[in-house]
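Structure at a glance
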Amino acid sequence: MASLVDIQNVSHAFGKSRSDLILDKLSLSINENEFVGVVGPSGCGKSTLLRIIIGLTKPTDGAVYYRGERVEDICKGMSMVFQTFALFPWLTVFENIELGLQGKSFSKSEKRARVLKIIEFMGLSGFEEAYPRELARGMKQRVGLARGLIPDPELILMDEPFSSLDALTATHLREEVLDLWLDPSVAPEAVIMVTHNVEEAVYMADRIVIITSRPGKIAKELEVTLPRPRDPRSNELYKIVDEITGLIA
Amino acid sequence: MLALPRAHVGQMIGLLEVLEDFKGRVDVAKVADDLILELDDLLPAVDAAELLSFIKVDSGDLILTETGREFLSQDPKVRKKLLNKYVSNLESFKKIMNFIRNQENCEVSKEELLDSLKGEVADFDAESDFSWIIEWGRDSLLLKYDSDDDKIRA
């Protein structure tokens, strides 16, 4: 089966010496219909890896291929969702989401219809005219997700999407993202989620990639075959969490 | 004090989901422990869920009600409709909606709304209560608020 994204021997360094190496000859393939969780200690280069995949950062060495084509610039088939939401404070919810359609050749009314549809889907109805400062963090991340979804990407990259939310809000938003993932009418072909929260990764992902620190290398890949919906407090899940935590520590 | 939900909508739904994971009944301290939350940080969501009849609290246990289960079983679109029904039945929101609907064009400014509530409610925390009114009013599609022209519309 052809993969959606191929990361081939990607190395990245800030300086010239090997001690500045963040990612070291990392290779990874992402398949269609796959929710991939990337876990590792902070500073292991997880976020840098996402930036390299989407084409925001050029790797020092190696390359990323999207459907067989080398990623040289920001890849149109992918969207990014950020830990800190990255919303424009002077734009409303509607306008922030509409930005996700930049460069698409839809008419104004078509754009409007698409924005309203995703607003309703993400439970943001009623907040169209609100500014980010008027929103709870969980709602801000919904806007971030809506903006990421609206261009209909094949791959969504999520960088610690629940880390700046309180525990209750995070619980709820994880459920919504899983519902979205299981809904073929909106789900992208694949998701890569970077997180430091191992339980979250095991609860949500089909495959987990464990990256070690300094330089970032893949320590292990692990399929999570627990049936969905998963019980976040089951012994089976904790067993996998323990195994992964042991590899990171 | 105005009987308002004083937690974010997403926090309240998160709490209901956790309760469902615990088969619908669990000690509140256990929930706090499970989420690594201080009890104080959990209580606003508990109060909000109780106010809307989604849970009952019985000697330290949180119990998901039938209403709460029904709400949880729906998709986000239907949940908004249900929220609309339950929030508009709260005494506080009845008062607020009545006041707004009796104004010209069914719209008021923030100041007008706050003034009307100040007169009726003792111990009124204007800024904080206003933001809860707007958040729940927006989420349940009862209210629209445009902070540019400072108009709240029913």
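Calculation notes
- Residues numbered from 1 in each chain as written.
- Chains lettered and ligands numbered in written order.
- Predicted model: local features only at pLDDT ≥ 70, side-chain atom pairs only at ≥ 80, totals over all residues.
- Heavy atoms only, no water.
- 1 Å grid on protein atoms, 1.4 Å probe; cavity = no way out; pocket = protein on both sides within 12 Å on 5 of 7 lines; lining within 4 Å.
- Points joined across faces, edges and corners; volume = space filled by probe spheres on them.
- Helix = DSSP H or I, 4+ residues; strand = E, 2+ residues; numbered from the N terminus.
- Nonpolar A, V, L, I, M, F, W, Y, C, P; charged D, E, K, R; others polar.
- Expected span 1.5 Å × (residues − 1).
- Buried < 20%, exposed > 50% of the residue type's maximum accessible area, 1.4 Å probe, protein only.
- Arc of directions from axis to C-beta.
- Contact = heavy atoms within 4.5 Å.
- Domains from an automatic or database assignment.
- Buried area = accessible area lost by both parts, 1.4 Å probe.
- Salt bridge = Lys/Arg side-chain N within 4 Å of Asp/Glu carboxyl O.
- Polar contact = N/O pair within 3.5 Å; in protein donor to acceptor, adjacent residues only side chain to side chain.

Details of the layout of surface pockets
It is a probe the size of a water molecule, rolled over the atoms, that shows where empty space is left. Within this model, the largest pocket holds a volume of roughly 820 Å³. In this structure, the largest pocket is lined by 28 residues; those nearest its centre are E175, E176, L178 and D179 of chain A together with R79 of chain B. Of all the elements in the fold, those that place two or more residues in the lining of the largest pocket are helix 3 (108-121) and helix 5 (167-181) of chain A together with helix 1 (9-21) and helix 5 (76-88) of chain B. Residue contributions to the lining of the largest pocket peak at six residues, all from helix 5 of chain A. Tallied by class, residues from the lining of the largest pocket come to 10 nonpolar, two polar and 16 charged.

Quick look at helix 7 (residues 235-248) of chain A
Residues and elements named next belong to chain A. Counted at 1.5 Å a residue, the expected span for helix 7 with its 14 residues is 20 Å, and the 20 Å between its end C-alpha atoms agrees. All of the buried residues in helix 7 are L237, I240, V241 and I244. Here the buried residues of helix 7 occupy an arc of 100° about the axis, which is enough to place them on one side. Away from its buried face by more than 90 degrees, helix 7 exposes N235, K239, D242 and G246. Contacts from the buried residues of helix 7 go to strand 3 (34-39), helix 6 (198-204), strand 9 (207-212) and strand 10 (217-223).

Here's the deal with the domain arrangement of chain B
When the parts come together, some accessible area is lost, and that loss is often what is quoted as the size of the interface. Residue and element names in this part refer to chain B. As assigned here, chain B comprises domain 1 (9-72) and domain 2 (76-153). The centre of domain 1, based on its C-alpha atoms, is set 25 Å off from the matching centre of domain 2. Taken together, the contacts link 12 residues of domain 1 with nine residues of domain 2. Between domain 1 and domain 2 the total buried area reaches about 990 Å² when both faces are included, carbon and sulfur atoms providing 75% of it. Summed over the shared surface of domain 1 and domain 2, the result is zero salt bridges. The interface formed by domain 1 and domain 2 includes three residue pairs in polar contact (both at pLDDT 80 or more). Classifying every residue of the side of domain 1 that touches domain 2 gives nine nonpolar, one polar and two charged.

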